[in-house]
Amino acid sequence: MKYLKINIEENVDSEMLKNAILQLKGVTSAEVVDDENPESELKKAFAKTKEQLKTGDYETLVNDIFDIIIKK
């Protein structure tokens, strides 16, 4: 999977931008990440893991864990 990182200004409506990006052909998902609030990122990670376990998406779950372990 490939990712595109976009940095935005503080006063931009991030949800509106996210919805606009989701309308583009080939975009499967978009997520607003706030580097200033790492706790929310941890909560999102746990929620994603919980959802992966519920749906039986073990391959993606394991890949995500390995990505975290080998990330520099």
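Everything discussed here concerns the structure shown above.
With that settled, consider the overall build of the protein chain. Along the backbone of the protein chain there are 3 helices and 0 strands. Ordered by position from the N terminus, the helices and strands of the protein chain form the series α-α-α. Once the C-alpha set of the protein chain is aligned to its principal axes, its extents read approximately 35 × 30 × 25 Å. Taken over 72 residues, the protein chain has a buried fraction of 3%. A distance of 5 Å separates the average location of the 11 positive side-chain charges in the protein chain from that of its 15 negative side-chain charges.

With respect to the helices and strands, Gln52 occurs in helix H2 (residues 38-55). Residue Gln52 is classed as buried on the basis of its relative accessible area of 5%. If we skip the residues at most four places from it in the chain, Gln52 touches Asp57, Thr60, Leu61 and Asp64.

Cut-offs and rules
- Just so you know, the residues in each chain are numbered from 1, in the order the chain's sequence is written.
- Per-residue local features are limited, in this predicted model, to residues with pLDDT of at least 70; the limit for side-chain atom pairs, both in listing and counting, is 80 or more; totals at the level of whole chains, interfaces and linings are taken over all residues.
- Water and hydrogen atoms were dropped before computing side-chain values, which therefore reflect all heavy atoms in the structure.
- Strands are runs of DSSP state E lasting at least two residues, helices are runs of H or I lasting at least four, and both sets are numbered from the N terminus onward.
- The rule is simple: take the accessible area with a 1.4 Å probe, protein chains only, and divide by the maximum for that residue type; under 20% is buried, over 50% is exposed, in between is partly exposed.
- Just so you know, the count uses Lys and Arg for positive and Asp and Glu for negative, and it drops His and the chain ends.
- Charged side chains are reduced to one point each, which is NZ for Lys, CZ for Arg, CG for Asp and CD for Glu.
- Any pair of residues with heavy atoms lying within 4.5 Å of one another is described as a contacting pair.

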